[in-house]
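Working through the structure, step by step
Letter by letter, the chains look like this.
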Amino acid sequence: MTAIPFPIFDGHNDVLLALYERSRGEGVTFFDHSDQGHLDLPRARAGGFAGGFFAVYLPADPTEPAPERPERAGDGPFEMPLTPLTLAYAQRATMAMAAILFRIEAASGGQLKVVRTTGELEACLRNGVLAAILHFEGAEAIDPDLNALEVFYQAGLRSLGPVWSRPNAFGHGVPFAFPRSPDAGPGLTDAGRRLVRACNRLGIMIDLSHLNEQGFWDVAKLSDAPLVATHSNVHTICPSSRNLTDRQLDAIRESDGMVGLNFAVGFLREDGKNEADTPIDLMARHIDCLVERIGVDRVGFGSDFDGATMPLELGDASGLPRLIDALRARGYDDATLRKIAHENWVRVLRKTWRV
Ligand code: ZN
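The text that follows walks through the structure, step by step, so that each part is easy to find. (Residues numbered from 1 in each chain as written. Predicted model: local features only at pLDDT ≥ 70, side-chain atom pairs only at ≥ 80, totals over all residues. Heavy atoms only, no water.)

Focus on the coordination of the zinc ion
Every protein donor of the zinc ion is listed here as Glu137 (OE), His210 (NE2) and His231 (NE2), and their distances to the metal cover 2.0 to 2.2 Å. Coordination of the zinc ion draws on donor residues from a single chain, spaced E-x72-H-x20-H in sequence. A residue pair is termed long-range when its members are at least 10 positions apart, and Glu137 in strand E5 (residues 130–137) and His210 in the loop between strand E8 (205–206) and helix H7 (213–222) qualify at 73 residues. The pair formed by Glu137 and His210 is uniform in burial state, with each residue classed as buried. (Donors = N, O, S within 2.8 Å, 3.2 Å for Na, K, Ca; no water. Helix = DSSP H or I, 4+ residues; strand = E, 2+ residues; numbered from the N terminus. Buried < 20%, exposed > 50% of the residue type's maximum accessible area, 1.4 Å probe, protein only.)

Points about empty space enclosed by the protein
Per the stated rule, a full pass over the model turns up two cavities of 30 Å³ or more. In this structure, the largest cavity occupies an estimated 50 Å³ of space. Of the residues contributing to the lining of the largest cavity, the split by class is five nonpolar, five polar and one charged. Approximately 30 Å³ is the volume found for the second largest cavity. Surrounding the second largest cavity, Ile206, Leu208, Val219, Ser223, Ala225, Pro226, Leu227 and Val228 form its lining. Of the residues in the lining of the second largest cavity, the class split is seven nonpolar, one polar and no charged. (1 Å grid on protein atoms, 1.4 Å probe; cavity = no way out; pocket = protein on both sides within 12 Å on 5 of 7 lines; lining within 4 Å. Points joined across faces, edges and corners; volume = space filled by probe spheres on them. Nonpolar A, V, L, I, M, F, W, Y, C, P; charged D, E, K, R; others polar.)

A short note on the packing of H7 against helix H8 (residues 246–254)
Between H7 and H8, whose axes approach to 11 Å, the crossing angle comes to 20°. Regarding the angle of H7 to H8, the classification is roughly parallel. Like other packed secondary-structure pairs, H7 and H8 cross with a definite hand, here left-handed. Contact with H7, carried on its side by Glu213, Phe216 and Trp217, involves Arg247, Gln248, Ala251 and Ile252 of H8 and no other residues of that element. Residues that form the contact of H7 with H8 fall into these classes: four nonpolar, one polar and two charged. (Axes fitted to C-alpha atoms, helices over the stretch in contact; angles between N-to-C directions. Parallel < 35°, antiparallel > 145°, perpendicular 65-115°, else oblique. Left-handed = near helix turned anticlockwise from the far one by under 90°. Contact = heavy atoms within 4.5 Å.)

Examining helix H5 (residues 147–155)
Here H5 has its buried residues at Ala148, Leu149, Phe152 and Tyr153. In a view along the axis of H5, the buried residues occupy a sector of 140°, so they form one face of it. Residues of H5 that are exposed and point more than 90 degrees away from the buried face comprise Val151 and Gln154. Immediately downstream of H5, the backbone of Gly156 shows phi near 135°, a positive value. (Arc of directions from axis to C-beta.)

Next comes the structure, spelled out in C-alpha cells:
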C-alpha cells in the first residue's frame with residue numbers, strides 16, 4: 001500500500017450516528033482509535049481521509065413501535081419497511097447529533113473544523129485540518145414553514161437531503177429494495193419544492209441520494225445548482241433502488257454535478273447481497289462506469305463509513321490507500337485521482353455555495 005500524495009474528501013459518513021448511539025461503547029470518542037465501525041481521527045489520518053460530509057441521520061424513534069420487518073428469504077428480493085418520524089423527535093435527535101459534531105470541533109484543538117465556505121474547506125485540505133460539512137440526511141427536523149432551515153443554516157448546515165428513504169413532509173424517499181428501479185412513488189410535495197428553492201437561495205447543497213426517481217426529476221427541474229448524489233452507485237451494475245439509472249447519470253452530467261461512490265457492499269454487488277467478501281475491484285468498476293458516463297470531473301467518493309457494510313479488503317478509513325492503488329493499477333494517473341479524491345467536491349461545492 002503506497003502513501004497517498006493528496007487528501008481524500010468524502011461525500012458521506014455516519015460517524016455522528018455511531019457516537020450518538022455509542023455503538024463503540026461508553027467513553028469512546030472520535031479521537032480514540034477503535035476497531036469498531038470505520039472512522040475516527042486516528043484511522044482518518046492513517047488513510048488520508050481529510051474530511052467529508054458528516055451526516056445527521058435520524059434512527060427510528062425508539063419510543064415508537066417498530067414496523068414488522070419481513071425476513072429476507074435467502075437471496076430473494078426484499079424491501080425494508082420505514083415509518084415516518086415526528087418533528088419533535090427529529091429536532092431533539094438532530095440537536096443531539098449536531099452538538100456532538102460541534103463538541104468534537106471544540107475539543108479537537110484545531111484538528112477538526114466544521115466548514116461553511118469553500119475557502120475554509122480548501123484551507124483545511126491544505127493544512128491537514130479534518131474538514132467536516134454538516135449534512136442532514138432527511139429534512140424531518142425542518143418544519144414545513146422552513147423556520148428551522150434558516151436557524152440550522154446559521155448554525156452551519158451546508159448540505160441537505162430532502163428525504164432519507166422514509167417519507168416525510170417534503171417528499172417520498174426511495175425504498176431499499178433489490179432488484180428494483182428507483183422509480184417508486186410520487187416525488188416532492190409543495191413543501192419539498194419550497195425547500196429546494198430555499199436551499200438554492202441560502203446556498204445549501206441538495207443531496208439526491210435517497211430521493212426516488214420522481215423526486216430526483218422534481219429537483220432537477222427546479223434547482224439552479226449542480227445535481228449531486230453524495231453516496232450512490234451505478235444501477236446497470238447493481239440494480240438496487242438506491243442506485244442511479246443512466247438517465248439520472250446523464251442529468252447529473254448535464255448539470256455539471258457529481259456522484260460520490262458508495263462503498264456499501266449492497267449497493268456495489270451485482271447480486272445486492274450484504275456480503276463483506278466483496279473485492280475492491282468492484283468499487284473500481286463502478287468508478288470506471290461513472291467516469292465513462294459522466295466524466296472524470298464529476299466523480300468522487302461517498303463512503304458511507306459507519307453506516308453500512310464495507311468490503312473486507314478495504315476495511316475502514318485506514319484502508320483508503322488500497323482503493324487508490326486499485327484505481328492506479330487500472331490506469332488512473334495522479335491528476336485524475338486528485339480530482340476524484342477531492343477536487344471535484346471542491347468545484348461542485350463552490351458552484352453550489354457560491355462562497
Ligand atoms: Zn444514506
